[in-house]
Protein chains: 4
Amino acid sequence: MTRVTVWNEYRHEQTDAKVREVYPEGIHGQLASFLKEAGMDVKTATLDEPEHGLTEEVLNDTDVLIWWGHVAHQEVSNEIVERVHRHVLRGMGLVVLHSAHMSKIFIKLMGTSCDLKWREANERERLWVMDPSHPIAEGIGEYIELEQEEMYGTHFDVPAPDELIFVGWFEGGNVFPSGSTYRRGNGKIFYFQPGHETHPTYYHPDIQKVIINGVRWCEPVKRDYPVYGHSEALEQISKKN
Amino acid sequence: MTRVTVWNEYRHEQTDAKVREVYPEGIHGQLASFLKEAGMDVKTATLDEPEHGLTEEVLNDTDVLIWWGHVAHQEVSNEIVERVHRHVLRGMGLVVLHSAHMSKIFIKLMGTSCDLKWREANERERLWVMDPSHPIAEGIGEYIELEQEEMYGTHFDVPAPDELIFVGWFEGGNVFPSGSTYRRGNGKIFYFQPGHETHPTYYHPDIQKVIINGVRWCEPVKRDYPVYGHSEALEQISKKN
Amino acid sequence: MTRVTVWNEYRHEQTDAKVREVYPEGIHGQLASFLKEAGMDVKTATLDEPEHGLTEEVLNDTDVLIWWGHVAHQEVSNEIVERVHRHVLRGMGLVVLHSAHMSKIFIKLMGTSCDLKWREANERERLWVMDPSHPIAEGIGEYIELEQEEMYGTHFDVPAPDELIFVGWFEGGNVFPSGSTYRRGNGKIFYFQPGHETHPTYYHPDIQKVIINGVRWCEPVKRDYPVYGHSEALEQISKKN
Amino acid sequence: MTRVTVWNEYRHEQTDAKVREVYPEGIHGQLASFLKEAGMDVKTATLDEPEHGLTEEVLNDTDVLIWWGHVAHQEVSNEIVERVHRHVLRGMGLVVLHSAHMSKIFIKLMGTSCDLKWREANERERLWVMDPSHPIAEGIGEYIELEQEEMYGTHFDVPAPDELIFVGWFEGGNVFPSGSTYRRGNGKIFYFQPGHETHPTYYHPDIQKVIINGVRWCEPVKRDYPVYGHSEALEQISKKN
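Residues numbered from 1 in each chain as written. Chains lettered and ligands numbered in written order. Predicted model: local features only at pLDDT ≥ 70, side-chain atom pairs only at ≥ 80, totals over all residues. Heavy atoms only, no water.

Per an unreviewed UniProt entry, the recorded name for chain A is Trehalose utilization protein ThuA, and the organism is Paenibacillus lutimineralis.

## A few points about the overall build of chain A
Keep this limit in mind: Strands here mean DSSP runs of E at least two residues long; helices mean DSSP runs of H or I at least four residues long; both are numbered from the N terminus. Our radius of gyration looks at C-alpha atoms and nothing else; its globule reference is 2.2 Å times the residue count to the power 0.38. Burial classes: relative accessible area under 20% of the type maximum marks a residue as buried, over 50% as exposed, and values in between as partly exposed (1.4 Å probe, protein chains only). Any two residues whose heavy atoms approach within 4.5 Å are treated as being in contact.
Of regular secondary structure, chain A possesses seven helices and ten strands. Scaling as 2.2 N^0.38, a compact globule of 241 residues should have a C-alpha radius of gyration of about 18 Å, and chain A matches this with 19 Å. Projected onto its principal axes, the C-alpha coordinates of chain A cover approximately 75 × 40 × 35 Å. Counting every position in chain A, which comprises 241 residues, the buried fraction comes to 67%. Of all intrachain contacts in chain A linking residues separated by at least 6 positions in sequence, the fraction that spans at least 24 positions is 72%.

## Some words on the pairing of strand S6 (residues 143–153) of chain D
Residues and elements named next belong to chain D. To keep it simple, the criterion reads: Strands qualify as paired when DSSP identifies two bridges or more between them.
In terms of residue burial, S6 counts as a mostly covered element, since eight of its eleven residues are buried. Of the pairings in the sheet, the one linking strand S5 (residues 117–129) to S6 comprises eight bridges and is antiparallel in character. Bridge pairing in S6 places Arg119 opposite Met151.

## Regarding unusual backbone geometry
Residues and elements named next belong to chain C. For the peptide bond that leads from Thr154 to His155, omega is 10 degrees, which places it in the cis range. Inspection of the secondary structure assignment puts His155 in the loop between strand S6 (143–153) and strand S7 (163–170). Positive phi values are uncommon outside glycine, yet His52 reaches one of about 55 degrees. Its place among the elements puts His52 in the loop between strand S2 (41–46) and helix H4 (56–60).

## Some thoughts on the pairing of strand S8 (residues 175–184) of chain B
Residues and elements named next belong to chain B. Within S8, ten of the ten residues are buried, leaving the element largely enclosed by the surrounding structure. Across six bridges, the pairing between strand S7 (residues 163–170) and S8 is antiparallel. Paired with Leu164 across the two strands is Ser180, which belongs to S8. Linkage of S7 to S8, two consecutive antiparallel strands, is achieved through a turn of four residues, within which Gly173 is found at a positive phi near 110 degrees. Counting the residues between successive antiparallel strands, the hairpin from S8 to strand S9 (residues 187–192) contains two residues, one of them, Gly185, with a positive phi of roughly 60 degrees.

## Digging into the relation of the copies chain A and chain B
Here is the rule: Least squares is the method used to superpose the copies, on C-alpha atoms of residues holding a pLDDT of at least 70 in both.
For these two chains of identical sequence, chain A goes onto chain B by a turn of 180 degrees and a shift of 0.0 Å along the axis, with RMSD 0.0 Å. A rotation of that kind, with that shift, is consistent with a two-fold axis. Among all residues of chain A, the minimum C-alpha distance to the rotation axis is found for A:Gly111, at 2.5 Å. Most of the interface of chain A is mirrored in chain B, where 100% of its interface residues again form contacts.

## Focus: the interface of chain A and chain B
We apply this condition: By convention in these notes, a salt bridge is any Lys or Arg side-chain nitrogen within 4 Å of a carboxyl oxygen on Asp or Glu. By the criterion applied in these results, polar contacts are pairs of N or O atoms within 3.5 Å in which, for protein atoms, one can donate a hydrogen and the other can accept it, and in which residues neighboring in sequence qualify only through two side-chain atoms. In this classification, the charged set is Asp, Glu, Lys and Arg, the nonpolar set is Ala, Val, Leu, Ile, Met, Phe, Trp, Tyr, Cys and Pro, and all remaining amino acids, among them Gly, are polar.
In this complex, chain A contributes 48 residues to the contact, which on the side of chain B involves 48 residues. On inspection of chain A and its partner chain B, the count reaches zero salt bridges. In this structure, the connection of chain A to chain B is made through 22 residue pairs in polar contact (both at pLDDT 80 or more). Contributing elements (two or more residues each) for the side of chain A that touches chain B: helix H5 (78–89), helix H6 (104–110), strand S5 (117–129), strand S6 (143–153), strand S8 (175–184) and strand S10 (229–230) of chain A. Broken down by class, the residue content of the side of chain A that touches chain B amounts to 16 nonpolar, 17 polar and 15 charged. Bridge analysis of S10(A) against strand S5 (residues 117–129) of chain B gives two bridges, and the strand direction is parallel. If you follow A:His230 over to S5(B), its bridge partner there is B:Trp118.

## Side note on the interface of chain C and chain D
As a reminder, the rule being used: Once two parts are put together, the accessible area they lose, assessed with a 1.4 Å probe and summed over both, is termed the buried area.
Contact residues are listed per partner, giving 48 residues for chain C and 48 residues for chain D. Taken over both partners, the interface formed by chain C and chain D buries close to 3600 Å², and the fraction arising from carbon and sulfur atoms is 51%. Linking chain C with chain D are zero salt bridges, by the criterion used here. Along the contact surface separating chain C from chain D lie 22 residue pairs in polar contact (both at pLDDT 80 or more). Looking at the side of chain C that touches chain D, the elements with two or more residues in it are helix H5 (78–89), helix H6 (104–110), strand S5 (117–129), S6, strand S8 (175–184) and strand S10 (229–230) of chain C. It is S5(C) that contributes the most residues to the side of chain C that touches chain D, seven residues altogether. Looking at side-chain class alone, the side of chain C that touches chain D contains 16 nonpolar, 17 polar and 15 charged residues.

## Details of helix H3 (residues 26–37) of chain A
All names here are of chain A. How we decide: Here, expected helix span is obtained from the residue count minus one, scaled by 1.5 Å.
Given a rise of 1.5 Å per residue, twelve residues ought to cover 16 Å, and the 17 Å separating the end C-alpha atoms of H3 matches this to within 8%. In terms of burial, H3 is largely enclosed, as nine of its twelve residues are buried. Looking at H3, one finds that the buried residues are Gly26, Ile27, His28, Gly29, Gln30, Leu31, Ala32, Phe34 and Leu35. Note on H3: the residue one or two positions beyond its end, Gly39, has a positive phi of about 90 degrees.

## Section: the packing of aromatic side chains
The criterion, for reference: Two rings belonging to Phe, Tyr or Trp (six-membered ring only in the last case) form a pair when the distance between their centres is within 6.5 Å. Interplanar angles under 30 degrees mark stacking, angles over 60 mark edge-to-face geometry, and anything in between is tilted. Two limits define a charge over a ring: the Lys NZ or Arg CZ must be within 6 Å of the ring centre, and within 35 degrees of the ring normal.
On inspection of all chains with the given rule, the structure shows 50 aromatic pairs over all chains. Relative to B:Phe192, the ring of B:Phe190 has its centre 5.6 Å away and its plane inclined at 20 degrees; by these criteria the two rings are stacked. In this structure, B:Phe190 and B:Phe192 share a single accessibility class: buried. Clustering of aromatic rings is evident, with ring pairs tying together A:Phe106, A:Tyr152, A:Phe156, A:Phe176, A:Tyr182 and A:Tyr191. Its end group placed over the ring of A:Tyr225, A:Arg90 keeps NZ or CZ at 4.0 Å from the ring centre. Of note, A:Arg126 hangs over the ring of A:Tyr143, and the distance from its end group to the ring centre comes to 5.4 Å.

## A short note on the packing of helix H3 (residues 26–37) of chain D against helix H7 (residues 205–218) of chain D
Residue and element names in this part refer to chain D. Inclusion rule: The angle between two axes is taken between their N-to-C directions and runs from 0 to 180 degrees, where each axis is a line fitted to C-alpha atoms and a helix contributes only its stretch in contact. Oblique is the label for any angle not under 35 degrees, not over 145, and not in the 65 to 115 range, which are roughly parallel, roughly antiparallel and roughly perpendicular in turn.
Contact geometry of H3 with H7 gives a least axis separation of 10 Å together with a crossing angle of 75 degrees. Considering their axes alone, H3 and H7 lie roughly perpendicular with respect to each other. Every residue of H7 that contacts H3 at Gln30, Leu31, Phe34 and Leu35 is listed here: Gln208, Ile211, Ile212 and Val215. Grouping the constituent residues of the contact of H3 with H7 by class yields six nonpolar, two polar and no charged.

## A look at the relation of the copies chain C and chain D
Two chain copies, one operation linking them: a rotation about an axis together with a shift along it. Between the two copies, chain C and chain D, the superposition gives an RMSD of 0.0 Å; the rotation angle is 180 degrees and the shift along the axis is 0.0 Å. When you check the interface residues of chain C against chain D, 100% turn up at the interface there too, and the contact is symmetric in its surfaces.

## Quick word on the environment of C:Val64
Residue and element names in this part refer to chain C. Here Val64 is to be found in strand S3 (residues 64–68). A residue is classified by how much of its surface remains accessible, and Val64, at 0% relative accessible area, is buried. Linking Val64 and Ile189, residues 125 residues apart in sequence, is a C-alpha distance of 9.3 Å. Aside from chain neighbours lying at most four places away, what touches Val64 is Thr2, Arg3, Val4, Thr5, Met92, Gly93, Leu94, Val95, Val215, Cys218 and Glu219.

## Brief notes about the UniProt feature "domain: ThuA-like" (unreviewed entry) in chain A
How we decide: UniProt positions are given in the numbering used here, feature names are shortened, and annotations may be inferred rather than shown by experiment.
Within this structure's numbering, the places UniProt gives as "domain: ThuA-like" (unreviewed entry) are residues 3–218 of chain A. Summarising residues 3–218 of chain A: 28% helix, 32% strand, and an end-to-end C-alpha distance of 11 Å.

## Some remarks on the environment of B:Phe106
Residues and elements named next belong to chain B. Within the secondary structure, Phe106 sits in helix H6 (residues 104–110). For the pair formed by Phe106 and Leu94, sequence separation is twelve residues and the distance between their alpha carbons is 9.3 Å. Beyond its immediate chain neighbours, meaning those up to four positions away, Phe106 contacts Val96, Ala100, His101, Cys114, Phe156, Val158, Ile189 and Tyr191.

In structure tokens, the structure reads:
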């Protein structure tokens, strides 16, 4: 049973009535809800809990961590970022949603600015499947249509993804690499663009399917962390000088 | 004319007679020497200069920065690392040599630990060309043989490279992704493993050829840095609620 | 329950006593045996059966096809190759073992010569894990050691793999991209180098584990084949001339 | 001086007045014209010439071959396709334009169906740069806008490209991987989607820039073709049984 921790900044919901209306249980509540229904063992954690709810113990018991953040990236402590980073390199999966592209943990893992173009214009997005063989696209038709989503547009300053699974078409004339995977150490990362706080994106059945698929794809592989450092020869080395 | 800045920590040469014997002008001196012969405009910079020799002005005038460091990675100031990082994302090429895999700038750009296995056993390395179509492999035969090199062994904790150009075979039984490229922002990065300070690796004609090719491959593309942030629609968006 | 068809040329076993001794039930028999134990629904098919045992019906009931061939690649009919190719593009997984690198189906899917260097010298191979996050490497230590294997050496004339999971170190001084994945259409392909007919490679528990993992990784994603051809606009196009 | 051969099917121009009006010298004539101006040594060849103008001699003297075809893919002889294929694996660059996605040579090199969605609706296309560090994007702004182009839409049944340089946004709601690179053997391939025969696409300065950049990127690397086949050991192999 996959053990998922859904982390949410949980600020918009407390200050913005419109967001609260869309997500009365918080964005984390809605994410947790459909992941539980998919048979996963789900916990939630939020910014204002001690250690942001991400103690060493919580992370030890987490197979896949989901991250949603937006206005308070800078309030996440560097110590917790280092901790999450260490867990990812050791195998914990990480699903990075929407505006978490600017979270400290994603920037640290990518090594780039992670900046992009954006526009709040309630415009249509159509997420096209670019890799029909990928398990993250299982059960999805040729595209997912969202009547309203925030525009995120190229250029997205991240490394070329290991796998590009979705490209978003936006009504206003932009495109975006909307679903991408990255491997870092023993860990797997899935970035998925949809999920603006004022739109009911996480109620869309196809978006839910992709996130469920993404969590499964990110599950840790059972194997030891590699051994680094000084290493004895495995074969005899011929004598030289 | 490609403007290259060769950065060297320049410590081994001052404290270790054996290294000084191999590189009387410093590792940077030897690197600069064959790059100049190849027709490049080469400057050098070292750790103990003010701002490590990497002022904003120097970096503005640098197309490709070469980095060699080993024992003093921690002495490189975070401010200079941020500065170099910004220049790479804006297009400056970066050639990372040997033990610079643990430099702050490389770790920051990779997002991983950059750790590996190592062994100083004066063993034979054979660098096999994995991508015969790549300009970095131009002029190189099927492999480069080094009579003695420090062993660097898998697992190398870096992202999967964009392009894998060399794999090293080591006498003691290890392999290593010895030549790899990465794109970050507008900048291109080439990591090349050979170059232990007690071996005359940078006098080997094929190693020189690869570094020259690598510098050329890393040259910045002439184009503006992408515009990020809020962006007006390019097409009319249909009115919604 | 994954439905696997193990295809074997099945010629060496009938003409070479040494091979028969190693694989009394045929290479396909041994492959089928451990895949069944892993809980899979396994059938076998061989070159000399009608339609090489690969009727439309058999392929319709196959999730993943395993291919072992060597001396009789040219005897495989083009019609069957086209049929297998069509099934791969439509989602059937394909695990290509050892000398099947020169099979018609692999060459057709790769688009290159698929040639390589080889040597039968009973030498040691050490397969190093290059991607510790990959499910195909699950349960494997840092490397797999084979006391004797045929050498396959770089350059291997295939496209750069989507994922490079193993690199082989050979006692005689060569390296090889020994485990690689490719996506073609809706189908996934895993090439795995070990398995010379005179060595008991397919009895090695780690080799079995990798093949089992590989079959699981190659399982088809449940989704429709993309629709190609003429396509109506999904958005209104402004009138022009 | 890069030696380019521009190959054009050259049929539309002879049967369709509208195409002839746009390209009075043939599509090959227009391509050759701006490549010459860029300082290249350019020849042309067409389908109806003996051996389609692609003799062994012509290909020996070609650094980069450009391919435009549409209605007559099936008239290209298999023998010539094999010849071009051999030259690509040996290092000749190949630039594949627009409807040449269904040419025999491209299908053979890709190993997939190369099928896609299409629509002739004179709609707007905006080609977004996805990789700002790539030499093929040199001199190009954030995107190229084409007032009218044929829609080519995802899914495009090709392997995941080695590098994805452009993604096309289409007015009618589709996206497409419009500029991609592939390495096959010693050869480099660039596929570029724009260029419908009834639109003046190849007069657009940015499209010309991309094709010129693409030709330069595809130039062969000076090195021998790898040696395949039986290979003596480079290191002593310990005696076994």
